[in-house]
Amino acid sequence: MGLLDILLGRTKPVAPDLDQLFGLPSAAVTLQAAAGFTPTGEGAVCFATVEGAAFEQTHREVQALLDADADRTGPPVELRQDDYGYSWLVSRRDPDQLPQLVNDLHAVNSSMEVNGFGPQLLCSLAGFRDDAGRRLALVYLYKRGTFYPFAPLPGAAERRDNALELRVKAVLTNDLRLEQDLNRWFPVWGAPGL
């Protein structure tokens, strides 16, 4: 970062730290004890839609890597597109296999990054539910290296449970690097794995 950047108020972007994903299993223990949310076993990686042979090759490599897991049953990774034009690689595990799900998310992110698709990576999420059926996602912002909670309210309207999100933020302050700028807590409506 140069003097001109300092004078113009530019800041150096935070480098992605995919190892932050490995904090999710311990955060899940805290989340369950403090708020009653348990993992659903579903998670996803979101990225700007990419077309072409290079991406198809990367997708096949990720599929082969995750297929090699002997404990996995069913399809390891499903490629989906949402209503907003973003692509999602979705992984499903048993709810008690959150560490393995985190490994899947890390592997997908790492493979895409290594193959030159890092700039297209947007976020990763792991899904949670409580006994009342409320849904919650812990969303990792790839370009910020931080997490935030996203809690959609039940029903067809796109509304969030802001009080729950702030409560989860307070609960997980010591477990995850949380995004402090609430304007960056982007909604992930219709995200698979939520």
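All values reported here derive from a predicted model rather than from experimental measurement. (Residues numbered from 1 in each chain as written. Predicted model: local features only at pLDDT ≥ 70, side-chain atom pairs only at ≥ 80, totals over all residues. Heavy atoms only, no water.)

Peer 1: Can you break down the overall build of the protein residue by residue, with the values?
Peer 2: Along its length, the protein carries five helices and six strands. Reading the helices (α) and strands (β) of the protein from amino to carboxyl end gives α-α-β-α-β-β-α-β-β-β-α. For the protein, with 194 residues in total, the buried portion stands at 45%. When contacts within the protein are restricted to residue pairs at least 6 apart in sequence, long-range pairs at least 24 apart make up 65% of them. A total of about 9,900 Å² of accessible surface is found on the protein, and carbon and sulfur atoms cover 53% of it. (Helix = DSSP H or I, 4+ residues; strand = E, 2+ residues; numbered from the N terminus. Buried < 20%, exposed > 50% of the residue type's maximum accessible area, 1.4 Å probe, protein only. Contact = heavy atoms within 4.5 Å. Areas by Shrake-Rupley, 256 points an atom, 1.4 Å probe, with all protein chains shown as cover.)

Peer 1: I'd like to hear about the sheet that holds strand β1 (residues 38–48), residue by residue, with values.
Peer 2: Ordered by their spatial adjacency, six strands build an open sheet running β2-β3-β1-β4-β5-β6, and the pairing between neighbours is antiparallel. Sheet topology places β2 (77–81) and β6 (146–150) at the edges, where each strand pairs with a single neighbour. Strand-to-strand twist in this sheet, taken as the mean axis angle between neighbours without regard to direction, amounts to 25°. As paired strands, strand β5 (residues 135–141) and β6 are joined by five bridges and run antiparallel to one another. Residue pairing in the sheet places L141 in a bridge with T146 of β6. Seen against the sheet, helix α5 (residues 162–171) touches β5 and β6 and runs at an angle of roughly 140° to β6. (Pairing = 2+ DSSP bridges. Axes fitted to C-alpha atoms, helices over the stretch in contact; angles between N-to-C directions.)

Peer 1: Now, about the packing of aromatic side chains: what can you tell me, with residues and values included?
Peer 2: Counted according to the given criterion, the structure contains three aromatic pairs. Judged by centre distance (5.2 Å) and plane angle (75°), the rings of F150 and W189 are edge-to-face. Here F150 is found in strand β6, whereas its partner W189 is found in the segment after α5, with 39 residues between them in sequence. A relative accessible area of 17% places W189 in the buried class. (Phe/Tyr/Trp six-rings, centres within 6.5 Å; stacked < 30°, edge-to-face > 60°.)

Peer 1: Help me get a handle on the pattern of salt bridges, residues and values and all.
Peer 2: For the structure on display, the rule yields nine salt bridges. Across the salt bridge formed by R80 and E78, the nearest N and O atoms sit 3.1 Å from each other. The class of R80 is partly exposed, set by a relative accessible area of 32%. Residue classification places E78 among the partly exposed positions, given a relative accessible area of 31%. (Salt bridge = Lys/Arg side-chain N within 4 Å of Asp/Glu carboxyl O.)

Peer 1: How would you explain the environment of D104 if you had to name every residue and give the values?
Peer 2: Among the secondary structure elements, D104 is positioned in helix α4 (residues 98–117). Taking the relative accessible area as the measure of exposure, D104 reaches 4% and is therefore buried. D104 sits 11 residues away from R93 along the chain, and the two C-alpha atoms are 9.5 Å apart. Here the side chain of D104 touches S91 through a polar contact of 2.8 Å, side chain to side chain. (Polar contact = N/O pair within 3.5 Å; in protein donor to acceptor, adjacent residues only side chain to side chain.)

Peer 1: So, the environment of G190: which residues are in play, and what are the values?
Peer 2: Inspection of the secondary structure assignment puts G190 in the segment after α5. Relative accessible area serves as the criterion here: at 66%, G190 is assigned to the exposed category. Residues G190 and E158 lie 32 residues apart in sequence; the distance between their C-alpha atoms is 9.3 Å.

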